[in-house]
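Here are the chains, one letter per residue:
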Amino acid sequence: NAGVTQTPKFRILKIGQSMTLQCTQDMNHNYMYWYRQDPGMGLKLIYYSVGAGITDKGEVPNGYNVSRSTTEDFPLRLELAAPSQTSVYFCASTLQGQETQYFGPGTRLLVL
Amino acid sequence: AQSVSQHNHHVILSEAASLELGCNYSYGGTVNLFWYVQYPGQHLQLLLKYFSGDPLVKGIKGFEAEFIKSKFSFNLRKPSVQWSDTAEYFCAVKSNQAGTALIFGKGTTLSVSS
């Protein structure tokens, strides 16, 4: 199993550009999450999904969108990049009732 | 709202010193608690977790944590740290709302000198 994979690993965006951060898991987990990590702030939940076709907002959803058309994939979309979205983004997944979340390697995003 | 507080932002220790990292959570009901570690350049890995039962939980790499309900605490300990323990440590609690997402503390950076 590859676990949770994320692409790209690093990206520089200009203000106003858009991009999609990819996340895929091969563990047949129904729950998936997007977090952002800022220095000294821990991780904060952006969006989550409890199954294909079902998504909901987390603590810091503004400026982001998600979709979940398959069990495996949970892409995160930035429509109009802003400097405040400079961060490290982690995708995670788990199986309902399993409790332990498995994290991907992260995507480092710099918006200039 | 649920929250997690980690008392130490940056801890510096010499090898073989003992470690204790503080963690307090706010929710008074049933809690599921976690410690995750992030080694430099790597993704988060689970160190240990507490769901119920024995309040002293043992994890990987010689780490342990004690759940003290009366103090709303879940402190992480290790009797003797190694240089390879240099990392960032996150305490987290399972959310009782957002699809079992995790609510993280701000993290503690541990630097161990050899």
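Below, the structure is looked at part by part.

How each quantity is defined
- Residues numbered from 1 in each chain as written.
- Chains lettered and ligands numbered in written order.
- Predicted model: local features only at pLDDT ≥ 70, side-chain atom pairs only at ≥ 80, totals over all residues.
- Heavy atoms only, no water.
- Phe/Tyr/Trp six-rings, centres within 6.5 Å; stacked < 30°, edge-to-face > 60°.
- Helix = DSSP H or I, 4+ residues; strand = E, 2+ residues; numbered from the N terminus.
- Buried < 20%, exposed > 50% of the residue type's maximum accessible area, 1.4 Å probe, protein only.
- Contact = heavy atoms within 4.5 Å.
- Buried area = accessible area lost by both parts, 1.4 Å probe.
- Salt bridge = Lys/Arg side-chain N within 4 Å of Asp/Glu carboxyl O.
- Polar contact = N/O pair within 3.5 Å; in protein donor to acceptor, adjacent residues only side chain to side chain.
- Nonpolar A, V, L, I, M, F, W, Y, C, P; charged D, E, K, R; others polar.
- Core = buried A, V, L, I, M, F, W, Y, C linked by side-chain atoms within 4.5 Å.
- Disulfide = S-S within 2.5 Å.

Residues and elements named next belong to chain B. Evaluation of the coordinates by the stated rule reveals 15 aromatic pairs over all chains. The interplanar angle of 55 degrees and the centroid separation of 6.2 Å between the aromatic rings of Y36 and F104 together place this pair among those described as tilted. With a gap of 68 residues between them, Y36 in strand β5 (residues 33–38) and F104 in strand β11 (residues 102–104) connect regions that are remote in the sequence. F104 matches Y36 in its accessibility class, with the two residues each being buried. Ring geometry for Y50 and F67: centres 4.4 Å apart, planes at 25 degrees, overall stacked.

Here N32 of chain B lies in the loop between β4 (23–25) and β5. Overall, the relative accessible area of 12% leaves N32 of chain B in the buried class. Excluding anything up to four places from it in sequence, N32 of chain B contacts E99 of chain A together with Y50, F51, A92, V93 and K94 of chain B.

The subject of this paragraph is the interface of chain B and chain A. Counting from both sides, the interface comprises 22 residues of chain B and, opposite them, 20 residues of chain A. In terms of surface lost to chain A, no three residues of chain B exceed H43, F104 and K106 of chain B, which account for 27% of the buried area on that side. For the interface between chain B and chain A, the tally reads zero salt bridges. Along the contact surface separating chain B from chain A lie seven residue pairs in polar contact (both at pLDDT 80 or more). Listed by contribution, the elements that provide at least two residues to the side of chain B that touches chain A are β5, β6 (45–50), β10 (87–94) and β11 of chain B. Within the side of chain B that touches chain A, the residues separate by chemical class into ten nonpolar, eight polar and four charged.

This part covers the nonpolar core. Within the largest apolar cluster, 28 residues are counted, with the highest numbers of intra-cluster contacts made by L19, W35, L47, L48, F74, L76 and Y89 of chain B. In terms of residue count, the dominant contributor to this core is β10 of chain B (four residues). Non-local contacts of L76 of chain B, meaning those with residues more than four positions away in its chain, are made with L19, E20, L21, W35, L47, L48, F63, E64, A65 and Y89 of chain B. V4, L21, A81 and Y89 of chain A belong to the second largest nonpolar core, which has 19 residues in total.

Bringing the pattern of salt bridges into the picture now. Residue and element names in this part refer to chain B. For the structure shown, the criterion picks out seven salt bridges over all chains. Note that E66 and R77 form a salt bridge whose closest N and O atoms lie 3.1 Å from each other. Of this pair, E66 sits in strand β8 (residues 64–68) while R77 sits in strand β9 (residues 73–78); the two residues are eleven residues apart in sequence, bridging distant segments of the chain. Classification of E66 by relative accessible area gives partly exposed; the value is 28%. Residue classification places R77 among the partly exposed residues on the basis of a relative accessible area of 22%.

Residue and element names in this part refer to chain B. The tally for this structure, following the rule as stated, stands at two disulfides over all chains. Each disulfide pairs two cysteine sulfurs, and for C23 the partner residue is C91, the sulfurs being separated by 1.9 Å. On the S-S bond that ties C23 to C91, the torsion sits near -65 degrees, and the link is left-handed. Linking C23 in strand β4 with C91 in strand β10, this pair joins segments that are 68 residues apart in sequence. Residue C91 is classed as buried on the basis of its relative accessible area of 0%.

Attention now moves to the environment of L102 of chain B. Note on placement: L102 of chain B falls in strand β11. The exposure class of L102 of chain B is buried, given its relative accessible area of 3%. Dropping the residues within four chain positions of it, L102 of chain B is found in contact with Y35, Q101 and F103 of chain A together with F34, Y36, A92, V93 and K94 of chain B.

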